[in-house]
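Chain by chain, the residues:
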Amino acid sequence: MAQPNVAALGGSSLIQHELVVIGGGPAGYAAALYGAASGLDVALVEEHLLGGTCLHVGCIPAKELLETAAVLRTVRHAADFGVGDVGGGDLEPAVDLAASQTRKQKVIDGLARGVTGLLAGRDVTVYKGTGRLGAAHVVSIDHGAGDPTLVVSEHVVLATGSSPRTIPGFEVDGTLVMTSDEVLSLDEVPERVAVIGGGAIGCEFASMLADYGSTVTLLEAAPEILPGCDADAARAVRRAFRKREIDVHSGVAVADHQPGDAGTTVRFGPAGGNDAEGTDLDVDLVVVAVGRRPRGDSAGLVGTRVAVDDRGFIEVDDRLRTGEPGVYAVGDVVDTPQLAHVGFAEGMFVVRDLLGESPAPLDPGTVPWCIYSHPEVAFAGLTEAAAMEAGHDVVVSSHRFAGNGRAMILGEVDGLVKVVAEKDPDGRAGRILGVHMVGPWVTEQLGQGYLAVNWEATVDDVAAHIQPHPTLSELFGETVLSLTGRSLHG
Ligand code: FAD
């Protein structure tokens with residue numbers, strides 16, 4: 001490593017660490033915590049809030065507000081269970097979003113205290129400020145006032161994350177047009193909403209706002225919502241959304257919106273069509289949920305060999321190493337699934353790699369995915385279409401929650417479990433390639449499917465195990481059992 005020219009950096013003294021991490025979101029704080037647990041002297045640089053997008057404007061607040069929606073649904077259907085206004089009909093509860101926001105903030109604050117405490121407990125030095133990596137592994141930390149702090153380390157991890165993408169014609173103003181950042185602070189329920197983008201985040205918001213009582217239209221450019229999900233799973237969500245009167249339009253492009261006296265009018269039409277064929281939709285709020293832009297340019301990188309591609313991702317190899325020896329990049333800022341748990345795994349992976357432990361590279365194709373709409377979606381491994389595209393001869397089986405005892409008890413019978421397995425030369429189902437679930441609490445049920453895919457288990461391996469009764473997870477067991485050629489209930 002070349003020696004830095006400290007004089008050229010303003011003459012401040014250099015503080016040495018064994019690992020410097022820029023960005024304190026899940027990927028960055030995982031690298032910091034795991035590095036410290038491995039005995040390294042670690043520094044973490046964060047310019048805003050420890051916990052990053054996930055904790056403050058992502059996973060945690062979104063799931064917290066979705067839980068308010070779930071409670072509302074439960075109370076609405078309480079009379080079905082003989083609970084509530086005896087003699088009356090279903091309860092008609094209303095949502096107080098301001099109260100829900102207070103609860104959300106309490107959860108965030110508690111978890112933020114937890115992250116801060118863990119870092120302090122492991123003696124990680126936390127620097128508040130914007131970190132910029134320059135030549136010779138020197139990170140200059142700009143505190144907004146006063147001299148920057150200069151730190152240097154043989155190993156640097158870039159974990160600068162991502163921010164919401166926007167689209168032309170939909171300037172975010174925080175009142176008529178919002179991204180996830182602003183939606184998560186809503187304190188009143190909008191009457192009519194257009195959600196642009198039918199991916200995971202768009203579907204979660206569409207589902208949540210529909211539960212709150214908004215009239216929701218979901219607009220997706222791809223031919224089906226939830227691109228990347230198995231086609232049967234996406235169709236099951238679409239069917240469930242239709243039942244809940246969420247108006248789903250796929251294969252459409254939005255043109256622009258025109259604010260009026262009350263709300264605004266969104267113009268959309270067939271993707272690739274012309275504006276004259278467009279439809280006008282009057283709404284009070286437009287939610288833009290069209291993905292997230294990696295912040296590859298956030299950490300300076302001048303004088304380094306770290307490359308950023310034209311989409312904003314930092315370029316890395318399969319060991320998450322950048323072009324600059326000793327410098328890694330992890331989390332949303334690299335082109336792997338933009339998920340918090342992938343960030344955790346990548347943060348831990350690079351620590352093991354820099355320690356010379358030679359961990360096996362992570363496979364982005366088999367990570368677990370969970371979407372917390374109603375119904376929930378969870379999957380790991382290949383979809384049926386992707387498995388066939390990859391040249392596998394496949395056998396599939398799917399079973400619906402409609403026949404599952406626990407689902408009937410809960411009154412949550414929408415959804416299915418689908419297992420994609422490789423067809424062995426004898427025609428029987430062999431290795432499990434993908435597990436796809438839609439329905440009640442499937443985000444908590446995916447564990448078995450994830451392990452089956454990643455342990456490269458066969459249908460026979462999994463079918464030999466017992467599922468407790470009555471549980472929702474019996475449906476996974478039943479689906480795998482049916483692939484052995486004999487089933488019990490299905
Ligand atoms: P981030 O969380 O974006 O953190 C990056 C951090 O780096 C930020 O704190 C930022 O301030 C800091 N930073 C940037 N540049 C600098 C700099 N130069 N110097 C110092 N600090 C800097 N994922 C899931 O797995 N499950 C979910 O259910 C889920 N739900 C989501 C819901 C929503 C609405 C959104 C928006 C996202 C959701 N995600 C979910 C995605 C998840 O939030 C991200 O994948 C995750 O936060 C990425 O972690 P990260 O550490 O790479 O980046």
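The structure this text deals with has already been given above.
Here is a short report on the structure shown in this document.

1. Observations concerning helix H13 (residues 474-483)
Here is step 1 of the chain: In terms of residue burial, H13 counts as a mostly covered element, since 8 of its 10 residues are buried.
Here is step 2 of the chain: Taken as a whole, H13 has its buried residues at Glu474, Leu475, Phe476, Gly477, Glu478, Thr479, Val480 and Leu483.
Here is step 3 of the chain: Where H13 is buried, its residues contact strand E20 (394-400), strand E21 (416-423), strand E22 (429-439), helix H11 (442-454) and helix H12 (459-463).

2. So, the sheet that holds strand E13 (residues 264-270)
Here is step 1 of the chain: Read from one edge of the open sheet, 3 strands run E12-E13-E14, paired in antiparallel fashion. Taken across any chain shown, the strands that pair with only one partner, and hence form the sheet edges, are strand E12 (252-259) and strand E14 (279-283). Each adjacent strand pair in this sheet contributes to an overall mean axis angle of 25°, direction not counted.
Here is step 2 of the chain: The pairing of E12 with E13 spans 7 bridges and is antiparallel. Note on E13: the bridge partner recorded for Pro259 is Thr264.

3. Points about unusual backbone geometry
Here is step 1 of the chain: The step from His374 to Pro375 runs through a cis peptide bond, and the omega angle for that step is 5°.
Here is step 2 of the chain: By the secondary structure assignment, Pro375 is in the loop between strand E18 (369-371) and strand E19 (376-381).
Here is step 3 of the chain: Not every positive phi belongs to a glycine, and Leu226 is a case in point at roughly 50°.
Here is step 4 of the chain: Tracing the chain through its elements places Leu226 in the loop between strand E10 (215-220) and helix H7 (231-243).
Here is step 5 of the chain: A relative accessible area of 2% means that Leu226 is categorised as buried.
Here is step 6 of the chain: Within the chain, Trp441 stands out as a residue other than glycine whose phi angle is a positive 50°.
Here is step 7 of the chain: Classification of Trp441 as partly exposed rests on a relative accessible area of 47%.

4. Comments concerning the site of the ligand
Here is step 1 of the chain: Around the ligand lies a shell of 38 residues, among which Glu46, Thr53, Lys63, Ser298 and Asp332 are the nearest.
Here is step 2 of the chain: Within the backbone of Ala27, a nitrogen or oxygen atom sits 3.0 Å from an oxygen atom of the ligand.
Here is step 3 of the chain: A total of 1,000 Å² of accessible area belongs to the ligand in isolation, and the protein chains cover 95% of it.
Here is step 4 of the chain: Of all the secondary structure elements, the ones that give two or more residues to the shell around the ligand are helix H1 (26-37), strand E2 (42-46), helix H2 (52-57), helix H3 (59-76), strand E4 (130-133) and helix H8 (340-354).

5. Examining the pattern of salt bridges
Here is step 1 of the chain: Applying the stated criterion across every chain, the model contains 21 salt bridges.
Here is step 2 of the chain: One salt bridge in this structure joins Arg132 and Asp142, with 3.7 Å as the shortest N-O distance. Placement of Arg132 in strand E4 and of Asp142 in strand E5 (residues 138-142) is noted, with a sequence separation of 10 residues between them.
Here is step 3 of the chain: Arg132 sits in the partly exposed class, given a relative accessible area of 38%.
Here is step 4 of the chain: One salt-bridge network, held together by shared partners, links Asp230, Asp232, Arg235, Glu384 and Lys418.

6. Quick notes on the packing of H1 against H8
Here is step 1 of the chain: Their axes nearest at 7 Å, the elements H1 and H8 cross at an angle of 35°. Seen from above, H1 lies across H8 with right-handed handedness. Across the interface between the two elements, Pro26, Ala27, Tyr29, Ala30, Ala31, Tyr34 and Gly35 of H1 pack against Ala340, Gly343, Phe344, Gly347, Met348, Val351 and Arg352 of H8.
Here is step 2 of the chain: For the contact of H1 with H8, the residue count by class is 10 nonpolar, 3 polar and 1 charged.

7. Looking at H8
Here is step 1 of the chain: In this model H8 runs 21 Å from its N-terminal to its C-terminal C-alpha over 15 residues, within 8% of the 21 Å that 1.5 Å per residue would give.
Here is step 2 of the chain: The complete set of buried residues in H8 reads Ala340, Val342, Gly343, Glu346, Gly347, Phe349, Val350, Val351, Asp353 and Leu354.
Here is step 3 of the chain: For H8, the secondary structure elements touched by its buried residues are strand E1 (14-22), H1, H2, H3, strand E6 (149-158) and strand E17 (327-329).
Here is step 4 of the chain: Looking one or two residues past H8, Gly356 carries a phi angle of roughly 80°, positive in sign.

8. Structural notes on the sheet that holds E19
Here is step 1 of the chain: The sheet built from 5 strands is open, its strands ordered E18-E19-E22-E21-E20 with antiparallel pairing. At either margin of the open sheet sits one strand with a lone partner, and together these are E18 and E20. This sheet shows a mean twist of 15° between the axes of neighbouring strands, independent of strand direction.
Here is step 2 of the chain: Of the strand pairs in this sheet, E18 and E19 are connected by 3 bridges, and their pairing is antiparallel. Looking at E19, one finds that Cys370 is bridged to Ala378.

9. Overview of the environment of Arg165
Here is step 1 of the chain: Within the secondary structure, Arg165 sits in the loop between strand E7 (162-164) and strand E8 (177-178).
Here is step 2 of the chain: Those residues within four positions of Arg165 in sequence are excluded, and the remaining contacts are Thr179, Val288, Val290, Gly291, Arg292, Arg293 and Pro294.
Here is step 3 of the chain: Here the side chain of Arg165 touches Arg292 through a polar contact of 3.3 Å, landing on its backbone oxygen.

10. Brief notes about the environment of Gly439
Here is step 1 of the chain: Inspection of the secondary structure assignment puts Gly439 in strand E22.
Here is step 2 of the chain: Those residues within four positions of Gly439 in sequence are excluded, and the remaining contacts are Pro375, Glu376, Phe401, Asp414 and Gly415.

11. Let's talk about the packing of H3 against helix H4 (residues 97-121)
Here is step 1 of the chain: H4 packs onto H3 with a crossing angle of 140° between their chain directions and a minimal axis gap of 10 Å. Relative to H4, the element H3 is oriented oblique. By crossing handedness, the relation of H3 to H4 is classed as right-handed. Residues Ile60, Pro61, Glu64, Leu65 and Thr68 of H3 form the contact with H4, whose own contacting residues are Ser100, Gln101, Arg103, Lys104, Val107, Ile108 and Leu111.
Here is step 2 of the chain: A breakdown of the residues in the contact of H3 with H4 according to their chemical character gives 6 nonpolar, 3 polar and 3 charged.

12. Topic: the packing of aromatic side chains
Here is step 1 of the chain: The tally for this structure, following the rule as stated, stands at 2 aromatic pairs.
Here is step 2 of the chain: Between Trp369 and Phe379 the ring centres are 5.9 Å apart and the planes differ by 5°, which places this aromatic pair in the stacked class. With Trp369 in strand E18 and Phe379 in strand E19, this residue pair connects regions lying 10 residues apart in the sequence.
Here is step 3 of the chain: By relative accessible area, Phe379 is classed as buried at 8%.

Analysis parameters
- Residues numbered from 1 in each chain as written.
- Predicted model: local features only at pLDDT ≥ 70, side-chain atom pairs only at ≥ 80, totals over all residues.
- Heavy atoms only, no water.
- Buried < 20%, exposed > 50% of the residue type's maximum accessible area, 1.4 Å probe, protein only.
- Helix = DSSP H or I, 4+ residues; strand = E, 2+ residues; numbered from the N terminus.
- Contact = heavy atoms within 4.5 Å.
- Pairing = 2+ DSSP bridges.
- Axes fitted to C-alpha atoms, helices over the stretch in contact; angles between N-to-C directions.
- Near = heavy atom within 4 Å.
- Polar contact = N/O pair within 3.5 Å; in protein donor to acceptor, adjacent residues only side chain to side chain.
- Areas by Shrake-Rupley, 256 points an atom, 1.4 Å probe, with all protein chains shown as cover.
- Salt bridge = Lys/Arg side-chain N within 4 Å of Asp/Glu carboxyl O.
- Left-handed = near helix turned anticlockwise from the far one by under 90°.
- Nonpolar A, V, L, I, M, F, W, Y, C, P; charged D, E, K, R; others polar.
- Expected span 1.5 Å × (residues − 1).
- Parallel < 35°, antiparallel > 145°, perpendicular 65-115°, else oblique.
- Phe/Tyr/Trp six-rings, centres within 6.5 Å; stacked < 30°, edge-to-face > 60°.

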